[in-house]
Amino acid sequence: MGASRGAGARLYSFLADAQARGPTEALRALNLQALSGRPLQEVFLGIAEYVCPIGGTVDEGIARDAFVETIADLADQGIVDFDAMTPAQMQTTFEMFVTNTIEARIYNDIGNNGIALPSDVAAVERVQDQLHDFISRAVSDALADTATAGSPLTQQDALRHVDTVYEAAFDMLQTLAEAESET
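Structural notes, computed from the coordinates. This is a predicted model, so every value here is computed, not measured.

The subject of this paragraph is the overall build of the protein. A tally of regular secondary structure across the protein gives seven helices and zero strands. In the protein, the succession of helices and strands from N to C terminus is α-α-α-α-α-α-α. Among the 183 residues that make up the protein, the fraction classed as buried is 43%. Within the protein, contacts between residues at least 6 apart in sequence are counted, and of these 74% link residues at least 24 apart. Only carbon and sulfur atoms are counted for the fraction: they give 51% of the accessible area of the protein, which is about 9100 Å².

Okay, structure coming up:
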């Protein structure tokens with residue numbers, strides 16, 4: 001998950017900068033001050049090249065797709081004003097991105113590694129829903145545990161949590177797929 005980890009670190013850094021110095025200064029640091037005051041979706045599309053540089057690897061494509069999915073998820077949640085984002089919304093944004101990257105990576109690995117999924121479409125959808133819920137909760141819990149410990153979340157902590165959640169989710173997917181295949 002190299003490209004996704006790097007993209008996560010850049011998104012985290014940008015959000016932390018926006019929280020610490022304000023949205024306008026965070027955008028100015030990327031020479032994107034023209035996006036100041038624009039809707040969140042425009043701002044995030046503008047920082048897409050910074051967060052997920054264009055490349056040709058599958059991992060880079062996964063990170064980019066996850067970032068675009070995160071932008072759509074934010075709109076679905078009604079988070080549309082970058083300048084008014086609360087620290088909790090910034091945390092949610094990072095969690096959504098991490099969840100989306102882990103899910104996308106696992107789905108890619110399903111195709112590459114041949115994990116056997118049930119042949120019944122409804123069973124596959126149940127596995128997919130359960131996996132999404134598991135990843136989302138695991139990411140949120142891991143990041144909350146760090147915050148509860150009293151120290152601020154560092155990029156290294158965040159990336160370590162991404163790796164841990166990915167491994168746990170992949171193991172869970174195998175278990176769910178086997179259980180659904182047996183029914």
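Turning to the packing of aromatic side chains, a few remarks are in order. Summed over the entire model, instances satisfying the criterion amount to five aromatic pairs. Relative to F94, the ring of Y12 has its centre 5.3 Å away and its plane inclined at 65 degrees; by these criteria the two rings are edge-to-face. Of this pair, Y12 sits in helix α1 (residues 2–21) while F94 sits in helix α5 (residues 87–113), placing them 82 residues apart in sequence. Pairing F44 with F82 gives two aromatic rings, centres 6.1 Å apart and planes at 65 degrees, and the pair type is edge-to-face. Taken together, the residues F44 in helix α3 (residues 40–51) and F82 in the loop between α4 (58–76) and α5 connect sequence positions 38 residues apart.

Turning our eyes to something else, we now look at the nonpolar core. Taken as a class, soluble globular proteins show a tendency for nonpolar side chains to be buried jointly. One finds L11, F44, F67, F82, I102, I106 and I135 to be the most contacted residues of the largest nonpolar core, which totals 45 residues. Counting residues per element, the ones that place at least two in this core are α1, α2 (23–29), α3, α4, α5, α6 (121–148) and α7 (155–182). Counting residues per element, this core draws most heavily on α5, which supplies eight residues. What I135 contacts, discounting residues up to four positions off in sequence, is T99, I102, E103, I106, V165 and A169.

With glycine set apart, most residues show a phi of negative sign, and most peptide bonds adopt trans. The phi dihedral of N31 is positive, around 60 degrees, even though this residue is not glycine. With respect to the helices and strands, the residue N31 is situated in the loop between α2 and α3. Classification of N31 by relative accessible area gives exposed; the value is 60%.

Evaluated as defined, the whole model comprises five salt bridges. Between E25 and R28 there is a salt bridge whose closest N-O contact spans 3.2 Å. With E25 and R28 both in helix α2 and three residues apart, this pair spans about one turn of that helix. R64 is the salt-bridge partner of E49, the closest N and O atoms lying 3.3 Å from each other. One end of the pair, E49, is in helix α3; the other, R64, is in helix α4, with 15 residues separating them in the sequence. We classify R64 as partly exposed; its relative accessible area is 25%.

Right, let's talk about the packing of α3 against α4 for a bit. Between α3 and α4, whose axes approach to 10 Å, the crossing angle comes to 165 degrees. Relative to α4, the element α3 is oriented roughly antiparallel. The element α3 and its partner α4 pack so that their crossing is right-handed. For the pair formed by α3 and α4, the contact residues are L40, Q41, F44, L45, I47, A48, E49 and V51 on the first element and R64, F67, I71, L74 and A75 on the second. Across the contact of α3 with α4, the residue classes break down as ten nonpolar, one polar and two charged.

This brings us to α3. Every buried residue of α3 is listed here: L40, Q41, V43, F44, I47, A48 and V51. Around the axis of α3, the buried residues are gathered within 160 degrees of arc, so they sit on the same side.

Cut-offs and rules
- Residue positions are given per chain, counted from 1 along the sequence in the order it is written.
- This being a predicted model, a pLDDT of at least 70 is required before a residue's local features are given, and a value of 80 or more before pairs of side-chain atoms are given or counted; all residues contribute to the totals for chains, interfaces and linings.
- Side-chain numbers here rest on the full set of heavy atoms in the structure, without hydrogens or water.
- In this description a helix means any DSSP run of H or I spanning at least four residues, a strand means any run of E spanning at least two, and both kinds are numbered starting from the N terminus.
- Only protein chains enter the calculation, and the probe is 1.4 Å; a residue is then buried if its accessible area is under 20% of its type maximum, exposed if over 50%, and partly exposed in between.
- Two residues form a contact once any of their heavy atoms are found within 4.5 Å.
- Residue-level accessible areas treat just the shown protein chains as cover; the underlying method is Shrake-Rupley with a 1.4 Å probe.
- In this analysis, rings of Phe, Tyr and Trp, with Trp reduced to its six-membered ring, are considered paired at centre separations within 6.5 Å, and the interplanar angle assigns stacked below 30 degrees, edge-to-face beyond 60, and tilted for intermediate values.
- We call a set of buried residues a nonpolar core when its members are Ala, Val, Leu, Ile, Met, Phe, Trp, Tyr or Cys and they connect through side-chain atoms within 4.5 Å of each other.
- A carboxyl oxygen of Asp or Glu within 4 Å of a side-chain nitrogen of Lys or Arg is what we treat as a salt bridge.
- Axis lines are fitted through C-alpha atoms, for helices just across the contact stretch, and the angle between N-to-C directions can take any value from 0 to 180 degrees.
- An angle counts as roughly parallel when it lies under 35 degrees, as roughly antiparallel when it exceeds 145, as roughly perpendicular when it falls between 65 and 115, and as oblique in every other case.
- Take the far helix as the reference: if the near one is turned anticlockwise from it by less than a right angle, the crossing is left-handed, and if turned clockwise, right-handed.
- Under the scheme applied, nonpolar residues are Ala, Val, Leu, Ile, Met, Phe, Trp, Tyr, Cys and Pro; charged residues are Asp, Glu, Lys and Arg; polar residues are all the others, including Gly.
- As used here, the arc is the angular range of directions from the helix axis to the C-beta atoms.

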